[in-house]
Structure formats: C-alpha cells, structure tokens
Amino acid sequence: MLVDTGAQELSLFESHSGSVSPDNQGAGQEYRTSMPGLVVVKKAEFDELTLGTTHWARREGFFMEAPSTLFDGLLGPRWLGAKRIGFDLEHKVISWEK
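As the structure is a computational prediction, the values presented were derived from the model and not from experiment. (Residues numbered from 1 in each chain as written. Predicted model: local features only at pLDDT ≥ 70, side-chain atom pairs only at ≥ 80, totals over all residues. Heavy atoms only, no water.)

Notes on the pattern of salt bridges
Next up, step 1: Summed over the entire model, instances satisfying the criterion amount to two salt bridges.
Next up, step 2: Note that Glu 45 and Arg 58 form a salt bridge whose closest N and O atoms lie 3.0 Å from each other. Remark: Arg 58 occurs in strand S5 (residues 54–64) and Glu 45 occurs in strand S4 (residues 37–51); sequence separation between them is 13 residues.
Next up, step 3: Its relative accessible area of 24% is what places Glu 45 among the partly exposed residues.
Next up, step 4: Arg 58 serves as the salt-bridge partner of Asp 47, at 2.3 Å between the closest nitrogen and oxygen. Of this pair, Asp 47 sits in strand S4 while Arg 58 is found in strand S5, placing the two residues 11 residues apart along the sequence.
Next up, step 5: Its relative accessible area of 47% is what places Arg 58 among the partly exposed residues.
Next up, step 6: One salt-bridge network, in which partners are shared between bridges, spans Glu 45, Asp 47 and Arg 58. (Salt bridge = Lys/Arg side-chain N within 4 Å of Asp/Glu carboxyl O. Helix = DSSP H or I, 4+ residues; strand = E, 2+ residues; numbered from the N terminus. Buried < 20%, exposed > 50% of the residue type's maximum accessible area, 1.4 Å probe, protein only.)

What follows is the structure, given as structure tokens:
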C-alpha cells in the first residue's frame with residue numbers, strides 16, 4: 001500500500017486485489033482524473049477490514065485499475081481518521097493517532 005496524503009480514501013488496484021473481494025462491489029462508479037489520465041473508480045463495501053491490529057466493520061473503499069505494478073493500492077490518512085501518522089521503515093510499520 002502507498003500512503004498518499006492527497007488521497008481521502010482506501011483504493012485497491014483491481015489487478016493486485018488477489019483474494020480481497022468486497023461485499024457490494026459496483027454499488028457505483030466514478031470517473032476521476034489522475035496523473036495517468038481518466039480512471040474509473042468503483043465503490044465497494046467491505047463487511048470487515050484489518051490493517052495490522054486495527055479492525056473495521058462496514059467500511060467503504062474503492063477499486064480502480066492499477067496505474068502501476070509497484071503497489072497494491074492507495075491509503076489516505078483521512079480514511080484512517082489520522083491526525084498524525086508515523087512510519088517505521090526499518091520494521092515496515094505504519095502507526096497513527098486519531
């Protein structure tokens with residue numbers, strides 16, 4: 001995942017989502033402009049999501065076509081409700097404060 005301070009949500013790249021499947025994919029779609037051009041973004045509802053030791057029930061996210069093969073998706077700190085975010089690159093750990 002790429003933590004993107006410009007992103008406001010969780011967006012998973014479709015070609016990297018593997019076994020991840022939303023409970024209600026395609027509830028709606030939007031067209032957004034990004035660096036590579038126009039991108040189709042599909043809304044998805046997840047019953048349960050986990051990031052490290054944090055669990056969420058009924059969270060909305062998005063699926064989009066992968067503009068690159070380097071990342072599985074984008075994670076916006078705002079989606080986490082984070083006011084402060086920290087990175088421990090040595091241990092590959094992301095932490096945040098609400």
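There's more to say after this.
A look at the environment of Glu 30
Next up, step 1: Here Glu 30 lies in strand S3 (residues 29–34).
Next up, step 2: With sequence-adjacent residues up to four places away left out, Glu 30 is seen in contact with Val 39, Val 40, Val 41, Lys 43 and Phe 62. (Contact = heavy atoms within 4.5 Å.)

Considerations on the packing of aromatic side chains
Next up, step 1: In this structure the tally under the stated criterion is three aromatic pairs.
Next up, step 2: Ring plane angle 10° and centroid distance 6.4 Å describe the contact between Trp 56 and Trp 96, whose orientation is recorded as stacked. Remark: Trp 96 occurs in strand S8 (residues 93–97) and Trp 56 occurs in strand S5; sequence separation between them is 40 residues.
Next up, step 3: Members of the aromatic cluster, joined through ring pairs, are Trp 56, Trp 79 and Trp 96.
Next up, step 4: Note that Arg 59 overlies the ring of Trp 79, its terminal NZ or CZ placed 3.8 Å from the centroid. (Phe/Tyr/Trp six-rings, centres within 6.5 Å; stacked < 30°, edge-to-face > 60°. Lys NZ or Arg CZ within 6 Å of the ring centre and 35° of its normal.)

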